[in-house]
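Report on the structure
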Amino acid sequence: MTMSETDAWAALSNRIKVLEQMSEEGQRTIDELRARDALKTQFLSNISHDLRTPLAAIITHAEILRDGMLGTLNAKQADSVSGILNGGHQLLDMIDEILTYVRTASDQITLVRTEFSLPELADQVRLLNQALAARKHLTIERLNGDDLPLVYADRDKIKHVLANLIGNAIKFTDDGGRIWIAFSRRGSNGETVCVEVGDTGRGIAFNHFELIFREFAQVDASPSRPHHGTGLGLAIARKLVELHSGHIWVESELGKGSRFFFTLPLQPAGD
Amino acid sequence: MAPRILIVEDSALIVDAFKVLFVDAGYDVDAASTIAEAVEAGTAVRPDVMLLDLTLPDGNGLDIMQALKERDSLPRVTLAMTGHNDAKSRHSCIEAGCADVLLKPVPIAELLRQIKRHLAS
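What comes next is a walk through the structure. Because the structure is predicted, anything quoted here is derived from the model rather than measured. (Residues numbered from 1 in each chain as written. Chains lettered and ligands numbered in written order. Predicted model: local features only at pLDDT ≥ 70, side-chain atom pairs only at ≥ 80, totals over all residues. Heavy atoms only, no water.)

**Topic: the overall build of chain A**
In terms of regular secondary structure, chain A is built from 5 helices and 7 strands. In chain A, the succession of helices and strands from N to C terminus is α-α-β-α-β-β-α-β-β-α-β-β. Rg of the C-alpha trace for chain A: 25 Å, well past the compact-globule value of 18 Å for 271 residues, more than 25% over. With the C-alpha coordinates aligned to their principal axes, the bounding extent of chain A is approximately 100 × 50 × 40 Å. Within chain A, buried positions represent 39% of all 271 residues. Partitioning the contacts of chain A with sequence separation of at least 6, the portion at a separation of at least 24 is 72%. Accessible area of chain A: about 15600 Å², with a carbon and sulfur share of 55%. Computed over 29 positive and 36 negative side-chain charges, the separation of the two mean positions in chain A equals 3 Å. (Helix = DSSP H or I, 4+ residues; strand = E, 2+ residues; numbered from the N terminus. Rg over C-alpha atoms; globule rule 2.2 N^0.38 Å. Buried < 20%, exposed > 50% of the residue type's maximum accessible area, 1.4 Å probe, protein only. Contact = heavy atoms within 4.5 Å. Areas by Shrake-Rupley, 256 points an atom, 1.4 Å probe, with all protein chains shown as cover. Lys, Arg positive; Asp, Glu negative; His and termini not counted. Charge placed at Lys NZ, Arg CZ, Asp CG, Glu CD.)

Right, dumping it as structure tokens:
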């Protein structure tokens, strides 16, 4: 080996050592970030539990007052107590959303699959939201689906996804608009069901199509935004759909409404 | 004699709210905030109904069921209360001998109805 070859080998060997060190440092950083992420998730879980307890006490006290257990309320008092209850339940929903997110993020969710009818479930969620929609003079209709076969999935989780999509549609559609639920079969043998929740609302810009499915992301995140929420709803919906080996996406144009889609295999892989 | 309820719950805020509710509804009420207190109260006052929070500072609320069983002091009805609406925790509560599992916060009308129903059965 000539002198210059020896130098080249030494240089190469040094370079390898440096790269090894960098790789170790990189791994340490990844481990540290993972540990911090786990801490953040644990913190969210703890704080949500701790927020839930006093809130449960507030709601219970308000219900005791509302039900006249401590004496009959006059109309103004009843209105005020009803305001406490509405606010309390809204807050409770948000805390529960954070808790659901924590469970999905830390893979604490296991699916409990049963056979059920998707259109029937959609009707149930539709009815639950009817009063809220009526306040904005919105109609919610199911366009088809009577001939759809039963799906084998976690009913509660799919209900959560549908409730989230319909809730969003109500939130972001102006007075007098229309919301619909439709079903179609996809795949060469129709082995996948596609659920659509559409609305005539304000729509979503193309560059936000991915953002809205990310946790804590809201298209308008300013404190003065008209629609408050945790920004977790669609992130949770995506996780729940993906746990079923399905996909979720949106098609939309600003000012022309939105159509959210998610797919579910009729039979889960491996079954 | 009025039926006796033992509230096992570590949040004083919740205990206070339940006391107002149950006293007004005509029940005698006791409260315990730890497993140790609950086992002692459960043995001493022999409640008809135990409302059981599952997350207690000294452990899992379901341990109380086992301890009371060993002392032959299980209440007629135990209703578990949990913040988790999942099949697994529901299953472990029923397995431990709870009559039902209620998701916190339980609407008061529902809570009173459940207690009445289980006491009658």
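**Quick word on the side chain of Arg126(A)**
Residue and element names in this part refer to chain A. Mapped onto the elements, Arg-126 comes out in helix α3 (residues 118-135). Judged by relative accessible area, Arg-126 falls into the buried class, the value being 19%. Residues contacting Arg-126, with those up to four places away along its chain left out, are Ile-140, Glu-141, Arg-142 and Ile-181.

**Some details on a nonpolar patch on the surface**
A grouping of Trp9(A), Leu12(A) and Ile16(A) is seen on the molecular surface, where their side chains present a nonpolar patch of about 320 Å² in accessible area. Overall, the relative accessible area of 53% leaves Trp9(A) in the exposed class. (Patch = residues over 30% accessible without salt bridge, like charges linked within 9 Å, V, L, I, M, F, W, Y side chains within 5 Å. Salt bridge = Lys/Arg side-chain N within 4 Å of Asp/Glu carboxyl O.)

**Details of the interface of chain A and chain B**
On the chain B side, the residues contacting the 17 residues of chain A number 19 residues. Here chain A and chain B share an interface that buries about 1500 Å² over both sides, 70% of which is from carbon and sulfur atoms. A per-residue breakdown of the area chain A buries against chain B is headed by Arg52(A), Thr60(A) and Met69(A), which together make up 31% of the total. Taken together, the connections running from chain A to chain B amount to 0 salt bridges. Seen at the junction of chain A and chain B, the total is 2 residue pairs in polar contact (both at pLDDT 80 or more). When residues in the side of chain A that touches chain B are grouped by element, the largest group, 11 residues, is from helix α1 (residues 3-66) of chain A. (Buried area = accessible area lost by both parts, 1.4 Å probe. Polar contact = N/O pair within 3.5 Å; in protein donor to acceptor, adjacent residues only side chain to side chain.)

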